[in-house]
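# Overview (structure and organization)
So you can see what is in the structure, the chains are spelled out below.
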Amino acid sequence: MRDWTDVVAIGCALPGVEPGSSCGQPALRFRNKTLAGTTAPGLYSFVLHVAEGEKDMLIETDPATFWQTDHYRGWPAVLVRYGTDAGDRIATLLRRAWWDRATIAQRKA
């Protein structure tokens, strides 16, 4: 993922995902919930919603890509740096964020 445009391209390819906003900043929304957003500190990262246990594992196994600030501790979201070699992994996490919020019917489709 080079920048937010890449995140949007992958996210909007998922059924029902639309560009929107979160806290007044660009975000990807699905079923009135944020999947990812640009509310990260600085222009070099974005926020991706993940399970809390998964977040810890991501930060431990790839701190060059995944990180957090005190603001995000205890929240089911991780900060993701642009420009790392983890593009496929990030795309999978974005699809999982969609899956976790999808209805059974949406998953079957």
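Below, the structure is looked at part by part.

The next point concerns the pattern of salt bridges. Pairing between side chains becomes possible if they bear opposite charge and their charged atoms approach one another. Taken as a whole and assessed by the stated rule, the structure comprises three salt bridges. Two residues, R2 and D6, come together in a salt bridge whose shortest N-O distance is 3.0 Å. Under the relative-accessibility criterion, R2 is labelled exposed at 68%. Residue classification places D6 among the buried residues on the basis of a relative accessible area of 16%. Note that R73 and D70 form a salt bridge whose closest N and O atoms lie 2.8 Å from each other. Residue D70 is classed as exposed on the basis of its relative accessible area of 62%.

In contact at an axis separation of 14 Å, helix α2 (residues 52–61) and helix α3 (residues 87–101) are set at 175° when each is read in the N-to-C sense. What the angle tells us is that α2 and α3 run roughly antiparallel. On the side of α2, the interface is formed by E54, M57, L58 and T61, while α3 contributes R89, L93 and R96. For the contact of α2 with α3, the residue count by class is three nonpolar, one polar and three charged.

Calculation criteria
Residues numbered from 1 in each chain as written. Predicted model: local features only at pLDDT ≥ 70, side-chain atom pairs only at ≥ 80, totals over all residues. Heavy atoms only, no water. Salt bridge = Lys/Arg side-chain N within 4 Å of Asp/Glu carboxyl O. Buried < 20%, exposed > 50% of the residue type's maximum accessible area, 1.4 Å probe, protein only. Axes fitted to C-alpha atoms, helices over the stretch in contact; angles between N-to-C directions. Helix = DSSP H or I, 4+ residues; strand = E, 2+ residues; numbered from the N terminus. Parallel < 35°, antiparallel > 145°, perpendicular 65-115°, else oblique. Contact = heavy atoms within 4.5 Å. Nonpolar A, V, L, I, M, F, W, Y, C, P; charged D, E, K, R; others polar.

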